[in-house]
Amino acid sequence: MKAKFIKSFEERLALYIGISALITLVVEVCTVFLIRLIAGKLRYMGYRSALMSPDGINPSFRLGILLAVGILVFIFSFYFLVQKYMRYVRIIINGMKDIAQGDFDKDIPVESMDEFGQIAGYLNQMEENIKVIMERERIAEHTKNDLISSVAHDLRTPLTSIIGYLGWVKEQPDLDVQVRQKYLDIAYRKAQHLEQMTNELFGFVKLEHREMSLQMGILNLSQLLAQLLDECVPSFEKYGLETEYICSDNQVMLEGDGNLLARLYDNLLNNAIKYGKDGKMIRVELEKRGDYAVTRVINYGYVIPQEDIANIFRKFYRVEQSRSQDTGGTGLGLAIVQQIAELHQGTVSVKSSLQGTVFEVTLPLNQGIEEQD
Ligand SMILES: Nc1ncnc2c1ncn2[C@@H]1O[C@H](COP(=O)(O)OP(=O)(O)OP(=O)(O)O)[C@@H](O)[C@H]1O
Ligand SMILES: [Mg+2]
């Protein structure tokens, strides 16, 4: 019986007792009529016995029949009703058995609103949660494996060179001093690159696990960008890049972690230099849009293929072409940019076409992040 209005098992039991009593009453009334009918017929036929008095069936015999019929009808109807309900309990038990055996795909039907219906509902919910947790675990495991293989790959490349150059120097004691110095310089530069990559990796892991405490403060974003652009001047000159800084307001004051934000824009500027060398020009734009500061770092030249756009914020993702180029990155830069933007309740997006590659960062001016120490 699917009585959806019943809220508890006690109510269900009371309902079953009520229904059984009603059925018993109806059967008892019918029995009374039947007894009367049979007694009338017997009397008419002149039948006499100890169970028959002159005015009908013996009252205690009649009471005995009614009592026996009543008890039997009540027990059977109650058993029948409970039995139907017990089938539902067995369905729930089977569902629990499936879950215990690791099958999370079968839903248990929610057939009532009482405690058993609730158990079924909660079990279904538990199944969903377990599935979500397992999926997250699977992705985390996958990411971890990705991370290990990418790190191993990226660390091995400079390490192999360092070992190669140092081994060469060690095995050639008569090597010309200048050549020896040149090899040592290369090995030193590679070791520095290795150190930078390791630091970047540590920084990223810390960011990803939100282990980094934000040193919040009010900073002048217009000035920060001008300063970062100044620091890039040697690279701009090296690659013959012109720069344009368009800032509608010299006082874009923003609440944030200065070091992290510098790292965010530094990554974007370095990418613009690395991948926009052929574009001859880099543009940086800053504007206030309502309660937000919107920054755009634009470079020209190399267009990011459409199929890579969706992936470039993933850690260790590098567009195939840039892997073969001598750009020497780890593919963590944009993942770090995104992490930092998110830590500041902001967003970062990218568009790339022949009109330029635009990385747009939107940060709230006041994000209410509580200062931490
Ligand atoms: N401004 C850009 N113009 C064109 N392509 C870009 C630009 N920025 C990033 N990309 C592409 O996106 C990929 C991912 O960039 P990301 O900064 O995450 O890694 P990376 O520069 O390769 O290495 P890292 O920054 O860790 O040293 C790059 O390999 C490059 O192919
Ligand atoms: Mg980069």
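Residues numbered from 1 in each chain as written. Chains lettered and ligands numbered in written order. Predicted model: local features only at pLDDT ≥ 70, side-chain atom pairs only at ≥ 80, totals over all residues. Heavy atoms only, no water.

Colleague: Give a description of the overall build of the protein chain that names residues and reports values.
Modeller: Broken down by element type, the protein chain carries 10 helices and 9 strands. For 373 residues, the compact-globule estimate of 2.2 N^0.38 gives 21 Å, and the protein chain exceeds it by more than 25% at 41 Å. Each principal axis of the C-alpha atoms in the protein chain carries an extent, and together these give about 140 × 60 × 45 Å. Within the protein chain, the fraction of its 373 residues that count as buried is 36%. Residue pairs at least 24 apart in sequence account for 69% of intrachain contacts in the protein chain once pairs closer than 6 positions are excluded. When the accessible area of the protein chain is evaluated, it comes to approximately 22900 Å², of which 58% is carbon and sulfur surface. In the protein chain, 40 side chains carry a positive charge and 48 a negative one; their mean positions are 12 Å apart. (Helix = DSSP H or I, 4+ residues; strand = E, 2+ residues; numbered from the N terminus. Rg over C-alpha atoms; globule rule 2.2 N^0.38 Å. Buried < 20%, exposed > 50% of the residue type's maximum accessible area, 1.4 Å probe, protein only. Contact = heavy atoms within 4.5 Å. Areas by Shrake-Rupley, 256 points an atom, 1.4 Å probe, with all protein chains shown as cover. Lys, Arg positive; Asp, Glu negative; His and termini not counted. Charge placed at Lys NZ, Arg CZ, Asp CG, Glu CD.)

Colleague: Describe the environment of glutamine 355, with residues and values.
Modeller: For glutamine 355, the location among the structural elements is in the loop between strand S8 (347-353) and strand S9 (356-364). Taking the C-alpha atoms as reference points, glutamine 355 and alanine 262, separated by 93 residues in sequence, lie 26 Å from one another.

Colleague: Go over the packing of helix H7 (residues 258-275) against helix H10 (residues 333-343) with me, naming the residues and quoting the values.
Modeller: Relative to each other, H7 and H10 sit at 145°, their axes nearing to 9 Å. Between H7 and H10 the crossing geometry is left-handed. Touching Leu260, Leu261, Arg263, Leu264, Asn267, Leu268 and Asn271 of H7 are Gly333, Leu334, Ile336, Val337, Ile340, Ala341 and Leu343, all from H10. Residues of the contact of H7 with H10, tallied by class, amount to 10 nonpolar, 3 polar and 1 charged. (Axes fitted to C-alpha atoms, helices over the stretch in contact; angles between N-to-C directions. Left-handed = near helix turned anticlockwise from the far one by under 90°. Nonpolar A, V, L, I, M, F, W, Y, C, P; charged D, E, K, R; others polar.)

Colleague: Help me get a handle on the environment of tyrosine 79, residues and values and all.
Modeller: Within the fold, tyrosine 79 resides in helix H2 (residues 59-100). Once the C-alpha coordinates of tyrosine 79 and serine 20 are considered, the two residues, 59 residues apart in sequence, prove to be 9.1 Å apart.

Colleague: So what's going on with the side chain of threonine 362? Which residues, and what values?
Modeller: By secondary structure assignment, the location of threonine 362 is in strand S9. Take threonine 362: its relative accessible area is 17%, and that puts it in the buried class.

Colleague: Account for the sheet that holds S9, with residues named and values stated.
Modeller: Note on sheets: strands pair through backbone hydrogen bonds, and any given pair is parallel or antiparallel. If you trace the 5 strands from one edge of the open sheet to the other, you get S4-S6-S7-S9-S8, paired in mixed fashion. If you trace the sheet from one side to the other, it starts and ends with strand S4 (242-247) and S8, each paired once. Across the sheet, the axes of successive neighbouring strands diverge by a mean angle of 15°, strand direction being ignored. In the sheet, strand S6 (residues 281-289) pairs with strand S7 (residues 292-299) via 8 bridges, with the strands oriented antiparallel. From the neighbouring strand, glutamate 287 faces S7, where its bridge partner is valine 294. (Pairing = 2+ DSSP bridges.)

Colleague: Any chance you could break down the nonpolar core for me, citing the residues and the numbers?
Modeller: One finds Leu221, Leu261, Leu264 and Tyr265 to be the most contacted residues of the largest nonpolar core, which totals 54 residues. If one sorts the elements of this core by residue count, H7 sits on top with 10 residues. In terms of domain composition, this core takes at least three residues from each of domain 2 (149-208) and domain 3 (216-364). Among residues more than four places away in sequence, those in contact with leucine 264 are Val337, Ile340, Ala341 and Val361. (Core = buried A, V, L, I, M, F, W, Y, C linked by side-chain atoms within 4.5 Å. Domains from an automatic or database assignment.)

Colleague: Summarise helix H4 (residues 177-208); cite the residues concerned and give the values.
Modeller: Compared with an ideal rise of 1.5 Å per residue, which puts 32 residues at 46 Å, H4 spans 46 Å between its outermost C-alpha atoms and is within 8% of the ideal. The complete set of buried residues in H4 reads Tyr183, Ile186, Ala187, Leu194, Met197, Glu200, Leu201, Gly203, Phe204 and Leu207. Here H4 starts with a cap whose side-chain oxygen sits 3.1 Å from the backbone nitrogen of glutamine 178, and that cap is aspartate 176. (Expected span 1.5 Å × (residues − 1). Polar contact = N/O pair within 3.5 Å; in protein donor to acceptor, adjacent residues only side chain to side chain.)

Colleague: So what's going on with unusual backbone geometry? Residues and values would help.
Modeller: Phi angles above zero are rare outside glycine, and lysine 280 is one such case at about 70°. With respect to the helices and strands, the residue lysine 280 is situated in the loop between H7 and S6. Under the relative-accessibility criterion, lysine 280 is labelled exposed at 53%. A positive phi angle, close to 60°, is found at glutamine 345, a residue other than glycine. Residue position: glutamine 345 is located in the loop between H10 and S8. Among the residues examined, glutamine 345 registers a relative accessible area of 49% and is labelled partly exposed.

Colleague: A description of the packing of aromatic side chains should follow, citing residues and the corresponding values.
Modeller: If you walk through the whole model with that rule in mind, you get 8 aromatic pairs. Ring geometry for phenylalanine 9 versus phenylalanine 116: centroids 5.4 Å apart, planes at 70°, classification edge-to-face. Note that phenylalanine 9 is positioned in helix H1 (residues 9-44) and phenylalanine 116 in helix H3 (residues 115-171), a separation of 107 residues in sequence. Judged by relative accessible area, which is 30%, phenylalanine 9 ranks as partly exposed. Assessed through its relative accessible area of 22%, phenylalanine 116 is described here as partly exposed. For the ring pair tyrosine 165 and tyrosine 183, a centre distance of 5.4 Å and an interplane angle of 50° mean the geometry is tilted. Placement of tyrosine 165 in helix H3 and of tyrosine 183 in helix H4 is noted, with a sequence separation of 18 residues between them. Aromatic rings pair up to connect Phe9, Tyr16, Tyr85, Tyr88 and Phe116 into one cluster. (Phe/Tyr/Trp six-rings, centres within 6.5 Å; stacked < 30°, edge-to-face > 60°.)

Colleague: I'd like a rundown of the domain arrangement of the protein chain, residues and numbers included.
Modeller: Domain parsing of the protein chain yields domain 1 (9-113), domain 2 (149-208) and domain 3 (216-364). For domain 2 versus domain 3, the distance between C-alpha centres works out to 28 Å. Taken together, the contact pairs 12 residues of domain 2 with 14 residues of domain 3. Buried area between domain 2 and domain 3, summed over both chains or domains, comes out near 1100 Å², and the portion from carbon and sulfur atoms is 63%. Of all residues in domain 2, the largest losses of buried area upon contact with domain 3 belong to Glu200, Phe204 and Leu207, amounting jointly to 52% of the total for that side. (Buried area = accessible area lost by both parts, 1.4 Å probe.)

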